[in-house]
Protein chains: 2
Amino acid sequence: MASASDGMNYAPQGKPEPVVEPGEFCFAVAAMDHGHIFGQTNGLTEAGATLKYVFDKADPDKARKMAEERGAQHVTDLDVILNDDEVQLVAAAAIPNERAPLGVACMNAGKHYFTDKTPLVSLDQLSNVWDAVKRTGKKYMVYYSERLHVESAGYAGQLIEQGAIGRVVHMEITGPHRVGDYDKRPDWFYKLDQYGGIICDIGSHQIDQFLYYAGCKDATVSSAHVGNYGNPGYPELQDFGDYHLVGDNGTTMYGRVDWFTPHNFPVFGDGRAFIIGTEGFIEIRKYIDVTTDNGGNQVFLSNADGQQRFSVSGQVGYPYFGRLIRDCLDGTETAMTQEHALKTAELCVKAQAAAVKVA
Amino acid sequence: MASASDGMNYAPQGKPEPVVEPGEFCFAVAAMDHGHIFGQTNGLTEAGATLKYVFDKADPDKARKMAEERGAQHVTDLDVILNDDEVQLVAAAAIPNERAPLGVACMNAGKHYFTDKTPLVSLDQLSNVWDAVKRTGKKYMVYYSERLHVESAGYAGQLIEQGAIGRVVHMEITGPHRVGDYDKRPDWFYKLDQYGGIICDIGSHQIDQFLYYAGCKDATVSSAHVGNYGNPGYPELQDFGDYHLVGDNGTTMYGRVDWFTPHNFPVFGDGRAFIIGTEGFIEIRKYIDVTTDNGGNQVFLSNADGQQRFSVSGQVGYPYFGRLIRDCLDGTETAMTQEHALKTAELCVKAQAAAVKVA
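Residues numbered from 1 in each chain as written. Chains lettered and ligands numbered in written order. Predicted model: local features only at pLDDT ≥ 70, side-chain atom pairs only at ≥ 80, totals over all residues. Heavy atoms only, no water.

A. Just the overall build of chain A, in detail. The helix and strand tally for chain A stands at 11 helices and 15 strands. For 359 residues, the compact-globule estimate of 2.2 N^0.38 gives 21 Å, and chain A sits close to it at 20 Å. Along the first, second and third principal axes, the C-alpha atoms of chain A reach 60 × 50 × 40 Å. Sorting the 359 residues of chain A into buried and exposed places 62% on the buried side. Of the contacts formed within chain A by residues at least 6 apart in sequence, a portion of 71% connects residues at least 24 apart. Just so you have it, chain A exposes about 12,600 Å², and 47% of that area is on carbon and sulfur atoms. Here chain A holds 31 positive side-chain charges and 47 negative ones, and the gap between their average locations is 1 Å. (Helix = DSSP H or I, 4+ residues; strand = E, 2+ residues; numbered from the N terminus. Rg over C-alpha atoms; globule rule 2.2 N^0.38 Å. Buried < 20%, exposed > 50% of the residue type's maximum accessible area, 1.4 Å probe, protein only. Contact = heavy atoms within 4.5 Å. Areas by Shrake-Rupley, 256 points an atom, 1.4 Å probe, with all protein chains shown as cover. Lys, Arg positive; Asp, Glu negative; His and termini not counted. Charge placed at Lys NZ, Arg CZ, Asp CG, Glu CD.)

Next up, the structure:
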């Protein structure tokens, strides 16, 4: 029986280093409605970017605190950010249905935009964003954190690229979540038109991973379901969603998201992925390996070489952020193509729209 | 971090004992096309049944060998079995498309019938079987082995029944398989009209589990896919199939089957199930816990009590077989209702028919 990897056949590629000097790439935070803004900011600053401004229209105190902690300037007027030529990118985690309008405003002001997932909530917004991309030449990039900020998810991509499982045939990717303290969630969390539906919102992670691992440019929705099984007091909260897709290259995918992680579970959810290839299969246990002390970021590879477990926390890093910075500076698309970022968004919206309400 | 269960909150129920005296319940084997016949026979004899005859029309030598090893009588004429009043049940693992006709013949002769899964391959066969059930009053029972002969699958059912995860919301159940030596597979393995399609055949296991765990009486097929991704030399072999169902009580299910288990994998497939409830979730690792020495039959329960791993090999047994014998003798339905056995079959056929060929 194989044990934890000692770096045998599939050593993770080296962790990335900062890609710019201090001050060379300045960005601003322009909305803090979702806590992901801290992950977005950390990723960028660890890759060398300089946080210049912090703004949040709903909660100036939160913005002031973040600015103080990170040596940035708190502003109470978004226009200060939009009018500063030194700001090259605006990072934001607005309420989902406000992400696209904010992004278009930033792009119109000549800034690249880096939004929390889900990037938008309707096909109209998608159309507006594509128009802005073409008109301004600026990027509308997305923080699909369950891949971009999860080392095991990145490592699985490396394994697939190295041919470790042959042709990718299929994957199941699940993203269970915990509501936590219901009273501490913001109002928009419970309002369907604001969060966009569970598939559109947290289900966007799995669709991003699918397009990436499968190497697809497009996909169709075979079926989708949403439901509220356990939260009758919050009628607009979809606590379950799932979807079944086929990629344009024939690779299939099933995704599931839910809000049923028990309150005392050690992590926010037992996120998993199973990726089936013609020559083997990969399992990812992203945040926990339940009932073991292995920690998160466990990748299991079964192929002709046998069965191997790779424990990759601290081994892979998060190359996305440095690449995103370089892409903005160099006009390249090494971090993520615009097509990928927005095709994911399109499929989220379509899967959400196709979803049959089953509970 | 919780460790392997020592029988804390959810002790498996006691292993079943034989339910009849020797000779009290005689059965015969009438087709050995699939190796599952040995599992079917073991289950029955361990529960006290007496194997009287063995017959196989395609391979008399195989039947003779089995009869000799098990103290039974080899016969070369099925009618010997059908005409013996002492035989109360006929067990058979015929070629899938021959299972229903054989079953109807046995029921017409006054025998209960216990077939390997999949029990039938078309809605016409389903209609014939239902007619025979009603006309003869005999049972058409099915060996859905991935639940009935897997202790961890049985234990998960006990946990659900005890309310360990609240209301069952959803499940994903996967049944990857290995082809093994392609030349040793029988001709019918590669012929679509004989094996019935991958969803109809091996996909029947997951549908049985779904109806059982969800407590549904019926379901609809939201979508399904089949494909041949890696076996161009065998054009009628579907090496992949998946399906997405909704139960009549709103519980959803996704199932996947494939023939991509690597040739050197320690077991025939890494069969799994994830069962999501409003109060917790269960994972089953049926045959292996990859890269550990835990063995198969691992059940993981996460709920308000924390996270627990139960290693249940030898703890649960296979109560189905004794119940089946008692049901035949007593006219009860404690092992499996006729409705369940044939609703599973119906959904297999419908999912197979609905499946879009994607590769």
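The discussion continues.
B. Seen up close, the interface of chain A and chain B. Between chain A and chain B, the contact holds 56 residues from the first and 56 residues from the second. In total, chain A and chain B occlude about 4,300 Å² of area from one another, counting both sides; carbon and sulfur atoms represent 62% of this. Taken together, the connections running from chain A to chain B amount to four salt bridges. Our enumeration of links across chain A and chain B arrives at 21 residue pairs in polar contact (both at pLDDT 80 or more). Elements supplying a minimum of two residues to the side of chain A that touches chain B: β7 (168-176), β8 (219-227), β9 (240-247), β10 (252-258), β11 (272-277), β12 (280-285), β13 (298-303) and β14 (306-311) of chain A. (Buried area = accessible area lost by both parts, 1.4 Å probe. Salt bridge = Lys/Arg side-chain N within 4 Å of Asp/Glu carboxyl O. Polar contact = N/O pair within 3.5 Å; in protein donor to acceptor, adjacent residues only side chain to side chain.)

C. Representation of the sheet that holds strand β1 (residues 26-32) of chain B. Residue and element names in this part refer to chain B. Read from one edge to the other, the open sheet built from six strands follows the order β3-β2-β1-β4-β5-β6, with strand pairing classed as parallel. Unpaired on one side and paired on the other, β3 (73-74) and β6 (140-143) mark the two borders of the sheet. Of the pairings in the sheet, the one linking strand β4 (residues 87-93) to strand β5 (residues 112-116) comprises four bridges and is parallel in character. By the bridge assignment for β5, alanine 91 is matched with phenylalanine 114. (Pairing = 2+ DSSP bridges.)

D. Region of interest: the relation of the copies chain A and chain B. Between chain A and chain B, which share one sequence, the superposing operator has a rotation angle of 180 degrees and an axial displacement of 0.0 Å; the RMSD is 0.0 Å. These values place the two chain copies in the arrangement generated by a two-fold rotation axis. Rotation axis and chain A: the residue whose C-alpha lies nearest the axis is A:Ser223, separated from it by 2.9 Å. When you check the interface residues of chain A against chain B, 100% turn up at the interface there too, and the contact is symmetric in its surfaces. (Least-squares fit on C-alpha atoms with pLDDT ≥ 70 in both.)

Geometric values such as these leave the question of function open.
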